[in-house]
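Spelled out from the first residue to the last, the chains are:
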Amino acid sequence: MGESIIKAINVQKEYRREGNIIRALVDINLDIEAGEVVFITGPTACGKTTLLNVLSGLDLPDDGQIILDGENIARANEDRLSNIRRQKIGFVFQDFNLIETLSGIENIEALLWPTVLSKKEVENRAIQALRDVDLLERKDHFPRQMSGGEKQRIAIARAIVHQPRVLFADEPTGNLDPTTEGEIMKLLRKLNEDMGMTMVIVTHQEKLLSFADRVIQMERGRIENIKGKR
Ligand SMILES: Nc1ncnc2c1ncn2[C@@H]1O[C@H](COP(=O)(O)OP(=O)(O)OP(=O)(O)O)[C@@H](O)[C@H]1O
Ligand SMILES: [Mg+2]
């Protein structure tokens, strides 16, 4: 067994709404190895996004531990958490979340600011990230001039430009047609193979699950089943 990069230990999370308690995460235990590609799947409202947000420190669990690269982020203060997110984590979202008034390369560079790097070095890193997603020719285009698949490539370049240890993606192909969807998944798999980057990806698309090393099947806030190599 390789190095553990993310571990969830007895993680719980509830939401309260109109007097009801929604048990979004129920006793989650999970161990993800560095370099693994793990998919999280399951029906709507089963807790996929909540789990991803808690694993990545975007949200805090009510109880339990999240050990990311050896550190319990469920107990980290806000400053430390934002440092961890800046250094170790990349995010990709369903709706791309690009800044419409910035060009492709500027969207990527923006992730690195503020920084001690020179302007030239920031640009060089963004160019490398554009090469990694094979989209250098869209560098100076704005999001409105790009297709959905191109926008998602820019968003992936932005998510990897700081070379995070883990890339988290919540339904990264949810707004794309089937052909583009397959291309984006292949790209993510290639980045994983080239860079050894760990990936945790939420999808409810059954046919994408073959891209994963392991598939976590959720049901009503619980892990029902884990399928795969380990
Ligand atoms: N901020 C919130 N306040 C109250 N309830 C919430 C909140 N966020 C999520 N929930 C509830 O928690 C449960 C899990 O939601 P979650 O978004 O994690 O599901 P999901 O599996 O990602 O669903 P989908 O496939 O539709 O994206 C749902 O019942 C949802 O309504
Ligand atoms: Mg969701």
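Placed above this text is the structure.
Residues numbered from 1 in each chain as written. Chains lettered and ligands numbered in written order. Predicted model: local features only at pLDDT ≥ 70, side-chain atom pairs only at ≥ 80, totals over all residues. Heavy atoms only, no water.

A. Main features of the sheet that holds strand β5 (residues 71–72). Read from one edge to the other, the open sheet built from 4 strands follows the order β2-β1-β4-β5, with strand pairing classed as antiparallel. The open sheet has two free edges, formed respectively by β2 (20–33) and β5, since each of these has just one partner strand. In this structure, strand β1 (residues 4–17) lies alongside β2, joined through 10 bridges in antiparallel fashion. When the sheet's bridge partners are listed, I6 is paired in β2 with I32. (Pairing = 2+ DSSP bridges. Helix = DSSP H or I, 4+ residues; strand = E, 2+ residues; numbered from the N terminus.)

B. Region of the structure containing the site of ligand 1. Inspection of the region around ligand 1 gives 13 residues, with T44, A45, K48, T49 and T50 positioned closest. T44 is positioned such that a nitrogen or oxygen atom in its side chain is 2.5 Å from an oxygen atom of ligand 1. For ligand 1, whose free accessible area comes to 630 Å², the fraction covered by protein is 67%. Mapped onto the shell around ligand 1, the elements with two or more residues apiece are β1, β2 and α1 (48–55). Element by element, the count of residues in the shell around ligand 1 is highest for α1, at 3 residues. (Near = heavy atom within 4 Å. Polar contact = N/O pair within 3.5 Å; in protein donor to acceptor, adjacent residues only side chain to side chain. Areas by Shrake-Rupley, 256 points an atom, 1.4 Å probe, with all protein chains shown as cover.)

C. Inspection of unusual backbone geometry at higher detail. Residue W113 is joined to P114 through a cis peptide bond whose omega torsion reads -10°. Among the structural elements, P114 can be located in the loop between α3 (104–112) and α4 (119–132).

D. Expanded view of α3. Here α3 has its buried residues at G104, I105, N107, I108, E109 and L112. The inward-facing, buried residues of α3 abut α2 (78–88), α4 and α5 (148–160). (Buried < 20%, exposed > 50% of the residue type's maximum accessible area, 1.4 Å probe, protein only. Contact = heavy atoms within 4.5 Å.)

E. Structural context of the packing of aromatic side chains. Using the criterion set out here, one finds 2 aromatic pairs in the structure. Between F91 and F93, the ring centres sit 5.9 Å apart and the planes meet at 15°, which makes this aromatic pair stacked. Clustering of aromatic rings is evident, with ring pairs tying together F91, F93 and F168. (Phe/Tyr/Trp six-rings, centres within 6.5 Å; stacked < 30°, edge-to-face > 60°.)

F. Layout of the packing of α3 against α4. Contact geometry for α3 and α4: axes closest at 9 Å, N-to-C directions at 120°. One element, α3, and the other, α4, form an angle in the oblique class. Classified by chirality, the crossing of α4 by α3 is right-handed. Contacts from I105, I108, E109 and L112 of α3 reach α4 at V122, E123, R125, A126, I127, A129 and L130. Per-class residue counts for the contact of α3 with α4 are 8 nonpolar, no polar and 3 charged. (Axes fitted to C-alpha atoms, helices over the stretch in contact; angles between N-to-C directions. Parallel < 35°, antiparallel > 145°, perpendicular 65-115°, else oblique. Left-handed = near helix turned anticlockwise from the far one by under 90°. Nonpolar A, V, L, I, M, F, W, Y, C, P; charged D, E, K, R; others polar.)

G. Main features of the pattern of salt bridges. In the structure shown here, the tally under the stated rule is 16 salt bridges. Here E36 ties to R214 by a salt bridge, and the two come within 2.6 Å at their closest N and O atoms. Residue E36 is found in the loop between β2 and β3 (37–41), and its partner R214 is found in strand β9 (residues 214–219); the two are separated by 178 residues along the sequence. The residue D213 makes a salt bridge to R189 at a minimum N-O spacing of 3.3 Å. On the criterion of sequence distance, the pair formed by D213 in the loop between β8 (198–202) and β9 and R189 in helix α6 (residues 178–195) is long-range, its members being 24 residues apart. A single burial state applies to D213 and to R189, both of which are buried. Put simply, E3, D69, K88 and R165 are held in one network by salt bridges that share partners. (Salt bridge = Lys/Arg side-chain N within 4 Å of Asp/Glu carboxyl O.)

H. Representation of the sheet that holds strand β7 (residues 166–170) within the structure. Taken together, 6 strands build an open sheet; the order of strands is β6-β7-β8-β3-β9-β10 and the sheet is mixed. Either end of the sheet is taken by a strand with one partner, and the two such strands are β6 (89–92) and β10 (222–228). On average, adjacent strands in this sheet sit at an angle of 15° to one another, irrespective of strand direction. Running over the sheet, α1 touches β3, β7, β8 and β9 and is turned about 155° from β7. Its contacts with the sheet put α2 on β6 and β7, and the angle it makes with β6 is roughly 75°.

I. Region of the structure containing the pairing of β7. Here β7 lies mainly inside the structure; 5 of its 5 residues are buried. Here β7 shows no split at all, with V166, F168 and D170 on one side and L167 and A169 on the other all buried. As judged from the 4 bridges shared by β6 and β7, these two strands associate in the parallel manner. Bridging from a neighbouring strand, I89 pairs with V166 of β7. For β7 and β8, the ladder comprises 5 bridges, and the chain directions are parallel. Looking at the pairing, D170 lines up with V202 of β8. Considered for its hand, the β-α-β crossover made up of β7, α6 and β8 is right-handed. (Right-handed = clockwise from strand over helix to strand, strands pointing away.)

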